[in-house]
Amino acid sequence: MSDSLKARVREKLLRQITEDGKRPVARAEQDDQRLVSLHDDLESLDQAAEGDSVIEELAAKYWVP
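In short, a report on the structure. These numbers were taken from a predicted model, which means no experiment stands behind them. (Residues numbered from 1 in each chain as written. Predicted model: local features only at pLDDT ≥ 70, side-chain atom pairs only at ≥ 80, totals over all residues. Heavy atoms only, no water.)

### Focus: the nonpolar core
Right, on to step 1. Among the nonpolar cores identified, the biggest contains 14 residues, and Val9, Leu13, Leu38, Leu45, Leu58 and Tyr62 are the most heavily contacted of them.
Right, on to step 2. Those elements giving two or more residues to this core turn out to be helix H1 (5–21), helix H2 (33–47) and helix H3 (53–61).
Right, on to step 3. Excluding residues within four positions of it along the chain, Leu38 makes contact with Leu13, Gln16, Ile17, Asp20 and Tyr62. (Core = buried A, V, L, I, M, F, W, Y, C linked by side-chain atoms within 4.5 Å. Buried < 20%, exposed > 50% of the residue type's maximum accessible area, 1.4 Å probe, protein only. Helix = DSSP H or I, 4+ residues; strand = E, 2+ residues; numbered from the N terminus. Contact = heavy atoms within 4.5 Å.)

Here you go:
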């Protein structure tokens, strides 16, 4: 596992998308708010620079140590 918090949060989000959706979010039903939220959080994470507060917020939201 990577040391960076951003990498750990990204791994957790991707795992949740896979477990919850069993398919890419683009093919998920539009009313599946859980998958839409996970996808939006992943996009926010990908745009964040290392040390950005959004990384810590997402880590707390998804319980990433």
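The structure having been displayed, the exposition proceeds.
### Examining the side chain of Asp41
Right, on to step 1. Along the chain, Asp41 turns up in helix H2.
Right, on to step 2. When near neighbours in sequence (up to four residues on either side) are disregarded, Asp41 contacts Leu13, Leu58, Lys61 and Tyr62.

### Re the pattern of salt bridges
Note that side chains of opposite charge can pair when their charged atoms are close.
Right, on to step 1. Under the counting rule described, the total for this entry stands at three salt bridges.
Right, on to step 2. The closest approach of N and O atoms between Asp46 and Arg10, which form a salt bridge, is 2.9 Å. A residue pair is termed long-range when its members are at least 10 positions apart, and Asp46 in helix H2 and Arg10 in helix H1 qualify at 36 residues.
Right, on to step 3. Judged by its relative accessible area of 39%, Asp46 falls in the partly exposed class.
Right, on to step 4. The class of Arg10 is partly exposed, set by a relative accessible area of 33%.
Right, on to step 5. As a salt-bridge pair, Glu11 and Arg15 come within 3.6 Å of each other at their nearest N and O atoms. Of this pair, Glu11 and Arg15 both sit in helix H1, four residues apart, which is roughly one turn of the helix.
Right, on to step 6. Looking at Glu11, the relative accessible area reads 39%, which means it is partly exposed. (Salt bridge = Lys/Arg side-chain N within 4 Å of Asp/Glu carboxyl O.)

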